[in-house]
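A structural walkthrough
Below, each chain spelled out in residue letters.
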Amino acid sequence: MNKEHDVILRMNHIVKRFGPVTALHDVNIAVGRGQIFSVCGENGAGKSTLMNVLSGVYPYGSYEGDIVYDGKICQFKTIRDSEAVGIVIIHQELALVPYMSIADNIFLGNPITKGIAVDDDAQRSIAKQAMEAVGLDENPDTLIANIGVGKQQLVEIAKALTKDVKLLILDEPTAALNDEDSAHLLGLIDELRRTRGITAIIISHKLNEIAASADAVQVIRDGRTISHIDIDEDHPLDQDRLIRDMVGRSLTARYPEHESHIGEEVFRVERWKVHHPLDEERLVAKDVSFNVHAGEIVGLAGLIGAGRTETAMSIFGHQYGVNASGSLYLNGREVQFPTVRSAIDHGVAYATEDRKTYGLNLIKSIRENISMASLKSLSRGNVVDRDRELMVSEGYRKELRIKTPSVEMPSGNLSGGNQQKVVLAKWMATDPAVLILDEPTRGIDVGAKYDIYEIIDQLADKGSAVIVISSELPELLGICDRIYTMSQGVITACLQAKSTNQEELMRYMTSTQPMTAGSDRF
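All of these numbers come straight from a predicted model, not from anything done at the bench.

**Considerations on the side chain of Asn 105**
Assignment of secondary structure puts Asn 105 in helix 3 (residues 102-106). Engagement of the side chain of Asn 105 in a polar contact is seen with the backbone nitrogen of Val 97, the distance being 2.7 Å. In terms of polar contacts, Asn 105 uses its side chain to reach the backbone carbonyl oxygen of Met 100, at 3.3 Å.

Pasting the structure below:
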């Protein structure tokens, strides 16, 4: 990228303010034509803000600096302005309508018309061509609600192809995908780069994916440009340097050193079954049995569709499925949790994988979210003690290092990592005996992940029994004491984390044989 004509995009001296807060301080980037360019940084560093400036979400006049695209200074007032020159952004929260067809979603807001009517046949035909280009083998009339997240990402890329995309921006495109779907998506982006000359900017926290797919990395920290790193076969990515640039300090290890002090059994599940909510003949959890002790961190590993989340949700107040059956034991006594409130009252907490939809009320303040599950203990009679509520939420703000000027700020204003800390604070405030964490670090940068791991260790050290569901096998190996593997609704193995590896976990995650009665279950 030595010559000016090799550069498709420059963003020069970009400054973006939100009231008194400066989100971007004199940020500069240069993207080569045909590159896969990664923008990295901690949650809240300003990555998405920068891309929103580029795409016209934040219009010209609301920021300082210049956008130079294809050699011309651009002044985008709307997203339509940027799309008109071939810049298309795909946000982390996909902009698809679940109960509309794939074809209708591809042309949503940009329909093909014949006279004053929508030309359905033309839309279906062109949608089919775009779907074939991205390897999406579905009927264009299929509803978005009936395809998985991986295929929904392909729909968004197909939509971009119909807009004659030249610069494709993807914000955390693999955050909600399994390894297979992630690899397919990144392979597709590389193919589009080679066959159509598309340039891609990818915001990502997954360092291994950046190392494998990116040609260059731009690091932003606290709204400032920190470094630009070119990557090729002769100069592979130094992940330790990248982490240092992202978080402003070295992380000598990805996971904190932790010595477990495991006590008596706290929670036991025996022969748990739950049926699919739409197909009552189908068992999603089949005789699932596991346990966890005080001070212990137990992992639950499995591929997409293994039944991990469904099992956890059905245990926690029957939030998922129908005809749940089996036995639950808390401190040796059999219990039942017919409602979420009954589970909470027994000291069981569940932090969902979807923090934006189920974990937080984004329009409520941080204070209100932290106290949400523990209002009973914060009340006198039927009246919430506001002073005590403020004291508790402020205490967790400091303890968990939630980056916010005030606990009165809406939770929706926080970065993903800080939102996750609020979710954890909400459940920590209930003083749980059992804490189930479902994908606790999904979509979170490496520095914030380390903070979350430390919080999990602290909870275990206080005597909580912690269950962690995660799709990242290195994470489970790095923080857990034991790991159960699950496949097609059954537990297939229980392994000591220190004496197993990813290959053995994957072998059991793809097995169809239930764990035998003589295995090291408990």
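Once the structure has been displayed, the description carries forward.
**Quick notes on the environment of Gly 19**
Summarising the element assignment, Gly 19 is placed in the loop between strand 1 (7-18) and strand 2 (21-32). Residue classification places Gly 19 among the exposed positions, given a relative accessible area of 63%. Once the C-alpha coordinates of Gly 19 and Leu 435 are considered, the two residues, 416 residues apart in sequence, prove to be 38 Å apart.

**Points about the side chain of Glu 156**
Looking at where Glu 156 falls in the secondary structure, it is placed in helix 5 (residues 149-162). Setting aside residues no more than four positions away along its own chain, Glu 156 makes contact with Ile 90, Leu 94, Ala 95 and Leu 96.

**As for the sheet that holds strand 11 (residues 216-221)**
Reading across from one edge, 6-9-10-3-11-12 is the order of the 6 strands in this open sheet, with mixed pairing throughout. Edge positions in the sheet fall to strand 6 (87-90) and strand 12 (224-230), since each has one partner strand and no second. Across the sheet, the mean angle from the axis of one strand to that of its neighbour is 15 degrees, orientation sign disregarded. Strands in contact with helix 8 (residues 239-247) are strand 3 (36-40), strand 11 and strand 12; relative to strand 11, the strand with the most contacts, it is inclined by about 30 degrees.

**Comments concerning the sheet that holds strand 22 (residues 465-469)**
Across the sheet, 6 strands lie side by side as 18-21-22-15-23-24; this open sheet has mixed pairing. The open sheet has two edge strands with one neighbour each: strand 18 (348-351) and strand 24 (490-496). Ignoring which end each strand starts from, the neighbouring axes of this sheet average 20 degrees apart. Here strand 21 (residues 434-438) runs beside strand 22; their pairing, made up of 5 bridges, is parallel. When the bridges of strand 22 are listed, Leu 435 appears paired with Val 466. Across the sheet, helix 14 (residues 416-428) touches strand 18 and strand 21, and the angle it forms with strand 18 is around 170 degrees.

**Examining the pairing of strand 16 (residues 322-330)**
Here strand 13 (residues 265-275) pairs with strand 16 via 6 bridges, running antiparallel. Among the inter-strand pairings, Arg 268 is bridged to a residue of strand 16, identified as Tyr 329. Where strand 16 and strand 17 (residues 333-335) come together, 3 bridges link them in antiparallel fashion. Note that in strand 17 the partner of Leu 328 across the bridge is Val 335. Count of turn residues in the strand 16/strand 17 antiparallel hairpin: 2 residues, of which Asn 331 carries a positive phi of about 55 degrees.

**Section: the environment of Arg 341**
Position of Arg 341 among the secondary structure elements: in helix 10 (residues 340-345). The class for Arg 341 is partly exposed, based on a relative accessible area of 37%. C-alpha of Arg 341 to C-alpha of Ala 373: the two residues are 32 residues apart in sequence and 8.9 Å apart in space.

**Here we look at the packing of aromatic side chains**
Within the structure shown, the criterion is met by 6 aromatic pairs. With a centroid separation of 5.2 Å and an interplanar angle of 40 degrees, the aromatic rings of Tyr 255 and Tyr 453 are classed as tilted. Of this pair, Tyr 255 sits in the loop between helix 8 and strand 13 while Tyr 453 sits in helix 15 (residues 446-461), and the two are 198 residues apart along the sequence. We classify Tyr 255 as partly exposed; its relative accessible area is 22%. Note on Phe 316 and Trp 427: the rings are 6.0 Å apart at their centroids and 85 degrees apart in plane angle, and the pair reads as edge-to-face. Here Phe 316, found in the loop between helix 9 (308-315) and strand 16, pairs with Trp 427, found in helix 14; they are 111 residues apart in sequence, far enough to count as distant. Counting every residue linked through ring pairs, the aromatic cluster contains Phe 316, Tyr 350 and Trp 427. The residue whose ring lies beneath Lys 16 is Tyr 58, and the NZ or CZ to ring-centre distance is 4.7 Å.

**Description of helix 8**
Every buried residue of helix 8 is listed here: Leu 242, Ile 243, Asp 245, Met 246 and Val 247. Where helix 8 is buried, its residues touch strand 3, helix 7 (207-213), strand 11, strand 12 and helix 15. Once helix 8 ends, the next one or two residues include Gly 248, with phi positive near 80 degrees.

**Points about the pattern of salt bridges**
Counted under the stated rule, the structure contains 30 salt bridges. Asp 451 is the salt-bridge partner of Arg 401, the closest N and O atoms lying 2.7 Å from each other. Residue Arg 401 is found in the loop between helix 13 (386-399) and helix 14, and its partner Asp 451 is found in helix 15; the two are separated by 50 residues along the sequence. The network of salt bridges with shared partners includes Asp 190, Arg 193, Arg 194 and Asp 215.

Conventions used here
- Residues numbered from 1 in each chain as written.
- Predicted model: local features only at pLDDT ≥ 70, side-chain atom pairs only at ≥ 80, totals over all residues.
- Heavy atoms only, no water.
- Helix = DSSP H or I, 4+ residues; strand = E, 2+ residues; numbered from the N terminus.
- Polar contact = N/O pair within 3.5 Å; in protein donor to acceptor, adjacent residues only side chain to side chain.
- Buried < 20%, exposed > 50% of the residue type's maximum accessible area, 1.4 Å probe, protein only.
- Contact = heavy atoms within 4.5 Å.
- Pairing = 2+ DSSP bridges.
- Axes fitted to C-alpha atoms, helices over the stretch in contact; angles between N-to-C directions.
- Phe/Tyr/Trp six-rings, centres within 6.5 Å; stacked < 30°, edge-to-face > 60°.
- Lys NZ or Arg CZ within 6 Å of the ring centre and 35° of its normal.
- Salt bridge = Lys/Arg side-chain N within 4 Å of Asp/Glu carboxyl O.

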